[in-house]
Amino acid sequence: MTRVWKFGANVDTDQIVPGRYAPYLRPKEDLGRAAFIEARPEFAENAQPGDVIVADRNFGCGSSREYAPLALKKRGVAAIVAPSFARIFYRNSINLGIPLFVSDEIAEVAADGDEVALDLPAGRISLGEQTYDLPELPRFTQDIIDAGGIVNFVRANGRFPG
Amino acid sequence: MNQTLTEQIISHAVGHPVRPGDLVIVRPDVAMGHDSLTPSIIEIMRDQLGVADVKDPDQIVLAIDHVAPATSVDTANMQSTIRTFAKEQGIRLFDAGRGIAHQVLVEEGIATPGRIVVGSDSHSCGYGSVGAFGSGFGSTDIALVWATGQIWLRVPETLRVLVTGRFRPGVDVKDLALKLCRDLTIEGATYDSIEYHGLDWLDLPGRQTLASMAVELGAKAGIVPPAGLPADRFEVPDWLYVDPGAHYYRTVTVDLDTLEPQVAKPNSVDAVVDLSEVEGTEVSVVFIGTCTNGRYQDLRDAANFLRGRRISPNVRMMVTPASSQEMERAAADDTLATLLQAGAVIGSAGCGPCMGRHQGTLSDEDVCLSTGNRNFRGRMGSPKSRIYLASPLVAAATALTGRISDPRDGMERS
């Protein structure tokens, strides 16, 4: 089963991956294992591919370090839902093909450890017994996600989306 | 069409008028890569995008400033990769010791009024100090600029900060930057560009301190209009000016006449209080440096305060100049000597301990008062350490006593 990992507001990039775990400093380490290694060690130990992060406001604030969302991607995080995201983290995640959903409602109702089923093509997320519609992504963003990231999009199309 | 500075700069770059919310593809004037992300930028460009050579070497600048000089064989090898790449591609590189990219690009006249300067470091918003549109991006965005010459941008809304009055003695621009974090919060300007008005009298280092912390409010950019004293150093394009008819979706005001010294408490940049609320808190480390507060004037402020005095035996004081030029200035008069005599450790020019990778990494037990821009848990080392943020004057006063102290007390004594 896949589950919800619930986080509070203002989760910063140092919590997602501490600077001392930068690939630049530890090139031989598995970046996915460094995700939340100090801020939430049980995530680092137990997160499974397909799990979903649901957080309060301003998820990903702080640094431009793209290895923060990359660590979550390598860990298999299927989507991140929050009422708002920090700007650089939002761009980095979309560029990497991680679906981010801005939603007050889902962030309010989701509880830590909820069983979760994500149906991206249908735009739905099930939390325990309840199913919710995911907010529709802007076309530009959807095109990048569909391509599996902006690098793939640009490679395939020879131009930026839009 | 009445436009904010950000809208003017992006309109000029794309060749037609833009409005907030527009998605545009622009050719930035400069795309900076720093040592932490440049190896991954090269990897994305070459291995993922399949592009061997950069589109325009003149558009690119590289800096080795975050772990400078290298601390391990791994970082040394990564930095070798950057040097080899720069040589092969004919790209300007500012190597270890030259200083923090955000300082060096201003010194070298690479960031100038009206330019679009994107960088792989989040504090690239600091280029707004000279009236550039500066903004931080991740590795993939910068790799795409190197490969294609272009980047996509959403034209941001502009938030206006209106400053009145003048700093009282013992209060400086860092206190203004922290007050904005306090009033607007860590997400108060997310996706926005900030325009700072009422500061034509403010010197360039002060503008750099202020613009560097725009990202701490979530902003995409923070621009001080290139008017007043520092504008003399730069050529300001005639199309770039504060337009009285421009639309700001929100205005916040700060009155410097009543501003007290501010301190951000652990572990958030917006956990800001008047210094009096945390006065007396014991600290074990004081750090003066970073792109926010590592310039000559910051070191000078601290040295003036500490002249003829010795810091507390319970404190280690780290001072890291922002660039070799700033360090030279501090060495040319008695600034560095005064800090050394007071008991400070001087680090190599660069980012220093700010992000916990080298030079003064914090232990489990440490409580640090830093002049840097962030105090997130574990940023400067152990996740058990605690970081307070304040001005260089507060840092000097705190180093003297080993407790968070009000510099105005010391100034009255001297």
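From a predicted model like this one, the values you see are computed outputs, not experimental measurements.

Asks: So, the overall build of chain A: which residues are in play, and what are the values?
Replies: Looking only at helices and strands, chain A features 7 helices and 7 strands. In sequence order, the secondary structure elements of chain A are arranged as β-α-α-β-α-β-α-β-α-β-β-β-α-α. Relative to the 2.2 N^0.38 estimate, which gives 15 Å for 162 residues, the radius of gyration of chain A is 15 Å and therefore close to what a compact globule would have. Here chain A holds 162 residues, and the buried ones make up 57% of them. Once local pairs closer than 6 in sequence are excluded, the contacts in chain A between residues at least 24 apart make up 64%. Per element, the accessible surface of chain A, about 6400 Å² overall, is 45% carbon and sulfur. Once the 18 positive and 22 negative side-chain charges of chain A are each reduced to a mean point, those two points are 10 Å apart.

Asks: Now, about the UniProt feature "binding site: [4Fe-4S] cluster" (unreviewed entry) in chain B: what can you tell me, with residues and values included?
Replies: All names here are of chain B. Per the UniProt record, the feature "binding site: [4Fe-4S] cluster" (unreviewed entry) sits at Cys291, Cys351 and Cys354. For the annotated residues, spread through 64 residues, the largest C-alpha to C-alpha distance comes to 9.5 Å, consistent with a single compact locus. In this fold, Cys291 is placed in helix α8 (residues 290-293). For Cys291, the residues in contact, after removing those within four places along its chain, are Ile100, His102, His123, Gln208, Ser212 and Asn373.

Asks: Describe the pattern of salt bridges, and please don't skip the residues or the numbers.
Replies: Under the definition given, this model contains 27 salt bridges over all chains. Put simply, Asp56 of chain B and Arg27 of chain B hold a salt bridge, and the shortest N to O gap is 2.5 Å. Pair noted here: Asp56 of chain B is in the loop between α2 (38-48) and β3 (60-63) and Arg27 of chain B is in the loop between β1 (23-26) and β2 (30-34), with a separation of 29 residues, a long-range link. Shared partners join several salt bridges into a network, and the residues in it are Arg3, Arg40, Glu42 and Asp112 of chain A.

Asks: So, the interface of chain B and chain A: which residues are in play, and what are the values?
Replies: Contacts between chain B and chain A engage 51 residues on the former and 38 residues on the latter. Carbon and sulfur atoms supply 58% of the area buried between chain B and chain A, which totals about 3600 Å² over both sides. The tally of links from chain B across to chain A stands at 4 salt bridges. The residue Arg379 of chain B makes a salt bridge to Asp14 of chain A at a minimum N-O spacing of 3.4 Å. Linking chain B with chain A are 22 residue pairs in polar contact (both at pLDDT 80 or more), by the criterion used here. Only β1, α2, α3 (73-89), β6 (133-136), α5 (139-148) and β7 (151-154) of chain B provide two or more residues apiece to the side of chain B that touches chain A. Here the side of chain B that touches chain A is composed, by residue class, of 20 nonpolar, 20 polar and 11 charged.

Asks: Summarise the sheet that holds strand β8 (residues 158-164) of chain B; cite the residues concerned and give the values.
Replies: Residue and element names in this part refer to chain B. Pairing is parallel in the open sheet, where 4 strands are placed in the order β10-β9-β8-β11. With partners counted over all chains shown, the strands left at the sheet margins are β10 (221-223) and β11 (250-255), one partner each. Strand-to-strand twist across the sheet, computed as the mean angle between neighbouring axes with direction ignored, equals 20°.

Asks: Give a detailed account of the UniProt feature "domain: Aconitase A/isopropylmalate dehydratase small subunit swivel" (unreviewed entry) in chain A, specifying residues and quantitative values.
Replies: UniProt feature "domain: Aconitase A/isopropylmalate dehydratase small subunit swivel" (unreviewed entry): in the numbering of this structure it lies at residues 33-98 of chain A. The span residues 33-98 of chain A shows a helical share of 36% and a strand share of 12%, and its end C-alpha atoms are spaced 18 Å apart.

Asks: With reference to specific residues and values, describe the packing of helix α9 (residues 296-306) of chain B against helix α11 (residues 335-342) of chain B.
Replies: Residue and element names in this part refer to chain B. Running from N to C, α9 and α11 cross one another at 50°; their axes reach a closest spacing of 9 Å. The orientation of α9 with respect to α11, classified from their angle, is oblique. Seen along the crossing, α9 lies across α11 with a hand that is left-handed. Every residue of α11 that contacts α9 at Tyr296, Leu299, Arg300, Ala302, Ala303 and Leu306 is listed here: Thr335, Leu336, Thr338, Leu339 and Ala342. Grouping the amino acids of the contact of α9 with α11 by side-chain chemistry returns 8 nonpolar, 2 polar and 1 charged.

The rules we used
- Residues numbered from 1 in each chain as written.
- Chains lettered and ligands numbered in written order.
- Predicted model: local features only at pLDDT ≥ 70, side-chain atom pairs only at ≥ 80, totals over all residues.
- Heavy atoms only, no water.
- Helix = DSSP H or I, 4+ residues; strand = E, 2+ residues; numbered from the N terminus.
- Rg over C-alpha atoms; globule rule 2.2 N^0.38 Å.
- Buried < 20%, exposed > 50% of the residue type's maximum accessible area, 1.4 Å probe, protein only.
- Contact = heavy atoms within 4.5 Å.
- Areas by Shrake-Rupley, 256 points an atom, 1.4 Å probe, with all protein chains shown as cover.
- Lys, Arg positive; Asp, Glu negative; His and termini not counted.
- Charge placed at Lys NZ, Arg CZ, Asp CG, Glu CD.
- UniProt positions renumbered as here; feature names shortened; annotations may be inferred.
- Salt bridge = Lys/Arg side-chain N within 4 Å of Asp/Glu carboxyl O.
- Buried area = accessible area lost by both parts, 1.4 Å probe.
- Polar contact = N/O pair within 3.5 Å; in protein donor to acceptor, adjacent residues only side chain to side chain.
- Nonpolar A, V, L, I, M, F, W, Y, C, P; charged D, E, K, R; others polar.
- Pairing = 2+ DSSP bridges.
- Axes fitted to C-alpha atoms, helices over the stretch in contact; angles between N-to-C directions.
- Parallel < 35°, antiparallel > 145°, perpendicular 65-115°, else oblique.
- Left-handed = near helix turned anticlockwise from the far one by under 90°.

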